[in-house]
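Here is how the chains run, residue by residue.
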Amino acid sequence: MLTAFSPKLKICCIGAGYVGGPSCAVIAYKCPDIQVTIVDINEQRIKEWNSDNLPVYEPGLDEIVFACRGKNLFFSSDVDFHINEADLIFVSVNTPTKKSGLGAGFASDLAYLESATRRIAKVATSSKIVIEKSTVPCKTAESMRAILDANSNDLIRFDILSNPEFLAEGTAINDLLHPDRVLIGSLTTPEGIRARSVLASVYEHWVPKEKIITANLWSSELSKLAANALLAQRISSINSLSAICEATGADVDEVAFACGLDSRIGPKFLKASVGFGGSCFQKDILNLVYLSESLNLPEVAAYWNQVVIMNEYQKERFTSRIIKSLFNTITNKNLAIFGFAFKKNTGDTRESAAITLIKYFLRENANVRIYDPKVPKEQIVRDLTDPEVASVEKFNQRVQMFDCPYEAAKGTDAIVIVTEWDEFKVLDYQKIYGEMNKPAFVFDGRSIVDYNVLKKIGFKVSVVGKAI
Ligand code: UDX
Ligand code: ADP
């Protein structure tokens, strides 16, 4: 029987994505006495995890994977075998927003989660602790339990825990090594508490006990949605103020700094931008909106929905500012797009503001020349040829991709900074200016460049949240 002190725990993580990969690699790194196998139905992804070129870019991830791979960390596409072998199973599959059917555009598509749960039910021949790691709508654990209970018997039991992952991309390894908290949700039955203590014993290898907190299953699931909603709300709040700043002459960075010094407010997540992206914020808020509506709480739904509306407004507003500055037309003009990832230090493009901005630019028949240091070109092609963004024909006519920012900017009328990559702060803008059409514009959607220096060079500069 499994105890909290078992030295030979076997963990299987279903889903080798941005969450499952780094989070379970860190468990292997910190727990040499535990065997961790990350499985995925996508064989290509598993091949990449087993190669020198990992499919997820995260500072510090390579070192951790290379230190443990083949010792106590394995990547495999033999999903069934490793499910059956494991004591603990993390479910880290994707839960995107539904594109059609009931709740389309708001609710999460739980098909992958359900199929992974059914797989566990089908192949398990011994008891398992099943841990929800993917961000899921509240009460998902209940559906998982219904599926697993229907397949349990006197010899096999399934305990379900919620253990939401709070890592942010780009800082995932640091977030995992030094988490603000680890949250474990469980039933408060003796079995639930026992399962919880087994999982806690994994984290206790490196996380101080007082940071490992427990809650009931529903609180744990809701806390993850709530944390993301509160963070996104701060960004929409500062972005709404950026519109006032641009109209009045206030400077949004000064406003954020002054407000952030109040210890009740704090300085983080107050950086005005072209709008938040990423796989979580929008999805989780829409989930919250859907949940509120289904609980017959329309005012609550409208409140959170406004955070997403403000985010879309910010992207439209930034586009309008660009078009207005470029003499009310960007048709056939050349725009250099600096950055395509949804934030710096990641190659992830999910819900990136770049996609929406480029969609608007292409609708105006502008030509775009994209440079991003980490996003693979095939990913840019996939994102921009989505039928909701542009046709393949338009993409071929209007979009070019570059390996170097200087090449991307050559012959353009404007540079649009979309992602806050550090390298954009230190480019030789004098050289870039010399090779652009005049007047040459810079639109800084992240407020990262020194606009005084650019102005001196001769650029016309617009910065989000500043009336310059
Ligand atoms: C987020 C949460 O931070 C994390 O806890 C959760 O587990 C997953 O969702 P992530 O999406 O990886 O993480 O990145 P985050 O750093 O939160 O940034 C999200 C978006 O907000 C990015 O597009 C970022 O550029 C933008 N952002 C962030 C701002 O525009 N301004 C800010 O001040 C902070
Ligand atoms: P996240 O950001 O939540 O980690 P990703 O899309 O990066 O999301 O990763 C989720 C991974 O889960 C994908 O690689 C996908 O192939 C995998 N996956 C989805 N369903 C299953 C399943 N039933 N069994 C194994 N892997 C799955």
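The rules behind the values
Residues numbered from 1 in each chain as written. Chains lettered and ligands numbered in written order. Predicted model: local features only at pLDDT ≥ 70, side-chain atom pairs only at ≥ 80, totals over all residues. Heavy atoms only, no water. Near = heavy atom within 4 Å. Polar contact = N/O pair within 3.5 Å; in protein donor to acceptor, adjacent residues only side chain to side chain. Areas by Shrake-Rupley, 256 points an atom, 1.4 Å probe, with all protein chains shown as cover. UniProt positions renumbered as here; feature names shortened; annotations may be inferred. Helix = DSSP H or I, 4+ residues; strand = E, 2+ residues; numbered from the N terminus. Buried < 20%, exposed > 50% of the residue type's maximum accessible area, 1.4 Å probe, protein only. Arc of directions from axis to C-beta. Nonpolar A, V, L, I, M, F, W, Y, C, P; charged D, E, K, R; others polar.

J.: Is there a simple way to think about the site of ligand 1 in this case?
T.: Phe 166, Glu 169, Ser 273, Lys 343 and Arg 446 are the nearest of the 20 residues found near ligand 1. Measuring from an oxygen atom of ligand 1, one finds a backbone N or O atom of Phe 342 at 2.8 Å. Interatomic distance of 2.7 Å between a side-chain N/O atom of Arg 446 and an oxygen atom of ligand 1. Burial of ligand 1 by the surrounding chains reaches 90%, relative to a free accessible area of 660 Å².

J.: Looking at this model, I keep getting lost on the UniProt feature "domain: UDP-glucose/GDP-mannose dehydrogenase C-terminal" (unreviewed entry) in the chain. Mind explaining?
T.: Within this structure's numbering, the places UniProt gives as "domain: UDP-glucose/GDP-mannose dehydrogenase C-terminal" (unreviewed entry) are residues 336-451. Taken end to end, residues 336-451 is 33% helix and 17% strand, and its first and last C-alpha atoms sit 17 Å apart.

J.: Would you explain helix α3 (residues 61-68) in this entry?
T.: Every buried residue of α3 is listed here: Leu 61, Ile 64, Val 65 and Cys 68. Down the axis of α3, the sector holding all buried residues measures 95 degrees, keeping them to one side. Immediately beyond the C-terminal end of α3, within one or two residues, lies Gly 70, with a positive phi of roughly 85 degrees.

J.: Could you clarify how one ought to interpret the site of ligand 2 in this entry?
T.: Taken together, 16 residues surround ligand 2, and among them Tyr 18, Val 19, Asp 40, Arg 45 and Arg 350 come closest. For ligand 2, an oxygen atom lies 3.1 Å from a polar atom in the backbone of Tyr 18. Within the backbone of Ile 41, an N or O atom sits 3.4 Å from a nitrogen atom of ligand 2. Contact with the protein chains covers 89% of the free accessible surface of ligand 2, which is 580 Å². Here the element with the most residues in the shell around ligand 2 is helix α5 (residues 111-123); it accounts for three residues. In terms of residue class, the shell around ligand 2 is built from seven nonpolar, six polar and three charged.

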